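What follows is the residue order along each chain.
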Amino acid sequence: MSTNKLPVLEYLQKSLAGTLQDGDTTHMQYPTPISQTLGIRIVEVGLGTATVEIDASPDLHGNQQATVHGGLMCELADAAIGTAHSTLMAEGESFASIDLKINFFRPVWATRLRATAKPIQSGRTITHYTCEIVREDGKAAATVISSVMTLRGEKAQGR
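Residues numbered from 1 in each chain as written. Predicted model: local features only at pLDDT ≥ 70, side-chain atom pairs only at ≥ 80, totals over all residues. Heavy atoms only, no water.

(A) Region of the structure containing the sheet that holds strand S6 (residues 111-122). The strand order across the open sheet formed by six strands is S3-S4-S6-S7-S8-S5, and the pairing between neighbours is antiparallel. Each edge of the open sheet is held by one strand with a lone partner, namely strand S3 (41-46) and strand S5 (94-104). Each strand of the sheet is rotated relative to its neighbour by a mean of 20 degrees, with strand direction disregarded. (Pairing = 2+ DSSP bridges. Helix = DSSP H or I, 4+ residues; strand = E, 2+ residues; numbered from the N terminus. Axes fitted to C-alpha atoms, helices over the stretch in contact; angles between N-to-C directions.)

(B) The nonpolar core, seen in detail. Membership of the largest hydrophobic core comes to 36 residues, with the highest contact counts inside it found for Met-73, Leu-76, Leu-113, Cys-131 and Ile-133. Those elements giving two or more residues to this core turn out to be helix H1 (8-17), strand S4 (49-56), helix H4 (70-86), S5, S6, strand S7 (126-134) and strand S8 (140-151). When residues in this core are grouped by element, the largest group, eight residues, is from H4. Residues contacting Leu-76, with those up to four places away along its chain left out, are Ile-40, Val-52, Glu-53, Ile-54, Leu-113, Ala-115 and Ile-133. (Core = buried A, V, L, I, M, F, W, Y, C linked by side-chain atoms within 4.5 Å. Buried < 20%, exposed > 50% of the residue type's maximum accessible area, 1.4 Å probe, protein only. Contact = heavy atoms within 4.5 Å.)

(C) Broad picture of the side chain of Ser-86. The topology assignment puts Ser-86 in helix H4. When its relative accessible area of 0% is taken as the criterion, Ser-86 is described as buried. Among the polar contacts made by the side chain of Ser-86, one reaches the side chain of Tyr-30 at a distance of 2.5 Å. A distance of 2.8 Å separates the side chain of Ser-86 from the backbone oxygen of Thr-83, its partner in a polar contact. Residues within four places of Ser-86 in sequence aside, it is in contact with Val-8, Leu-12, Met-28, Tyr-30 and Phe-95. (Polar contact = N/O pair within 3.5 Å; in protein donor to acceptor, adjacent residues only side chain to side chain.)

(D) Seen up close, the environment of Thr-32. For Thr-32, the location among the structural elements is in the loop between strand S2 (24-25) and helix H2 (33-38). Thr-32 sits 47 residues away from Ala-79 along the chain, and the two C-alpha atoms are 9.1 Å apart. Among the polar contacts made by the side chain of Thr-32, one reaches the side chain of Ser-35 at a distance of 3.0 Å.

(E) Geometry of the environment of Val-8. Along the chain, Val-8 turns up in helix H1. Each C-alpha atom of the pair Val-8 and Asn-103 lies 30 Å from the other, and the pair is 95 residues apart in sequence. Residues within four places of Val-8 in sequence aside, it is in contact with Thr-26, His-27, Met-28, Tyr-30, Ser-86, Thr-87 and Met-89.

(F) Broad picture of the pairing of S6. Bridging between S4 and S6 involves seven bridges; their strand directions are antiparallel. In the sheet register, Ala-56 faces S6, and the bridge partner there is Thr-111. In this sheet, S7 lies alongside S6 in antiparallel orientation, the contact comprising eight bridges. Of the residues in S7, the one forming a bridge with Ala-115 is Ile-133. Connecting S6 to the next strand, S7, in antiparallel fashion are three residues.

(G) Spotlight on H1. Turning to H1, its buried residues number three or more, namely Val-8, Leu-9, Tyr-11, Leu-12 and Lys-14. Lining the buried residues of H1 we find S2, S3 and H4. Once H1 ends, the next one or two residues include Gly-18, with phi positive near 75 degrees.

This is the structure in structure tokens:
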């Protein structure tokens, strides 16, 4: 079987459309192991943007107060931001999060959470993202801002 190496954005768009062919690959790993473990799904993707979802439940993702743990929302936002940034990566490039700040607005119980990431400023090396996390009832659960550094050449090797 021959392989057909696709850019990340094309690979993800074909995956969402259900049109990936045998042998279609990309230089980044999808789905990621953490997303598989937690059940995070990519539901929309564009150049530099992404939306992911998770069915959150205090029974599986709970904290001491029997609400969904804030760390799960941090991971959900990081998955959306990482997916968004990966669509900008050429083969031989990689990236690393520099920071992530989250503001929580209301508690989360059993609900589908949707996180949408988009860039607010893009440079050659650093891109700043915002990510809105919304509960199934349409109410904002949290907002995240994050900075991501693009790695090239030897800095990207092994990542």
